Amino acid sequence: MQISIITVGKLKEKYLREGIAEYSKRLSAYCKLQIIEVNDEKAPEEMSTAEMEQVKRKEGERILAQIKQDQYVIALAIEGQMWSSEKLSAELDRLALHGRSQVAFVIGGSLGLADTVLKRANVLLSFSKMTFPHQLVRLVLLEQVYRGFRISRGEPYHK
Ligand SMILES: C[S@@+](CC[C@H](N)C(=O)[O-])C[C@H]1O[C@@H](n2cnc3c(N)ncnc32)[C@H](O)[C@@H]1O
């Protein structure tokens, strides 16, 4: 399975970079992983709603340019469906079984995802109703994908 994670902006914090490097290494036994960082749009602190929509639209265009036609897109969104780890694992199995082995997870920038990206997504996935920093979402997602592969293979992993 080829898993792409499309995110906005560069990862800054060292502790996140180390965690992501660790889970990327672990995942290499289970899938081909590609992390794509699109540029974030430089934005002032204070913005009107229209300006915020424009920032999201520009970042959205950059995200859409990275999505391949045959990719199954899972967009991370607070308002999405809440899955258990077992459900994520089963979904990855189901996609592989149906020949949809190109999966792209998309994480928005600090203002969230543009509607155009949400519309392109096959499913919206929520980790909870809480808002997490997008860079932390990247790490949590990698851990959950790793957990999903371990569950699918029946391999032991701490609960
Ligand atoms: C700081 S959040 C954006 C907050 C923005 N107000 C919104 O409602 O989307 C940045 C990105 O992290 C991801 N994210 C944050 N919290 C999440 C959650 N609980 N579940 C799923 N994704 C989340 C989403 O992809 C979001 O676009």
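Residues numbered from 1 in each chain as written. Predicted model: local features only at pLDDT ≥ 70, side-chain atom pairs only at ≥ 80, totals over all residues. Heavy atoms only, no water.

Colleague: Requested: an account of the pairing of strand β2 (residues 32-38), with residues and values cited.
Modeller: Consecutive residues of a regular strand have side chains that alternate between opposite faces of the sheet. Direction of pairing for strand β1 (residues 2-8) relative to β2: parallel, over a ladder of seven bridges. Following the sheet pairing, Ser4 is matched in β2 by Gln34. Viewed along the sheet, the connection from β1 through helix α1 (residues 14-27) into β2 turns out right-handed. (Pairing = 2+ DSSP bridges. Helix = DSSP H or I, 4+ residues; strand = E, 2+ residues; numbered from the N terminus. Right-handed = clockwise from strand over helix to strand, strands pointing away.)

Colleague: A description of the side chain of Ser89 should follow, citing residues and the corresponding values.
Modeller: Structurally, the position occupied by Ser89 is in helix α3 (residues 85-97). What makes Ser89 buried here is its relative accessible area of 3%. Polar side-chain contacts of Ser89 include one of 2.7 Å to the backbone oxygen of Gly148. Those residues in contact with Ser89 that sit more than four places away from it in its chain are Gly148, Ile151 and Ser152. (Buried < 20%, exposed > 50% of the residue type's maximum accessible area, 1.4 Å probe, protein only. Polar contact = N/O pair within 3.5 Å; in protein donor to acceptor, adjacent residues only side chain to side chain. Contact = heavy atoms within 4.5 Å.)

Colleague: Go over the environment of Gly109, please, and point to the residues and values.
Modeller: When you line up the elements, Gly109 lands in the loop between β4 (102-106) and α4 (115-120). We classify Gly109 as buried; its relative accessible area is 9%. Residues Gly109 and Val55 lie 54 residues apart in sequence; the distance between their C-alpha atoms is 9.5 Å. Non-local contacts of Gly109, meaning those with residues more than four positions away in its chain, are made with Val8, Glu59 and His134.

Colleague: Residues and numbers for the sheet that holds strand β3 (residues 72-82), please.
Modeller: Strand order in the open sheet made by the five strands is β2-β1-β4-β3-β5, with parallel pairing throughout. For this open sheet the edge positions go to β2 and β5 (123-126), each flanked by a neighbour on one side alone. For this sheet the average axis-to-axis angle between neighbouring strands, irrespective of direction, equals 30°. (Axes fitted to C-alpha atoms, helices over the stretch in contact; angles between N-to-C directions.)

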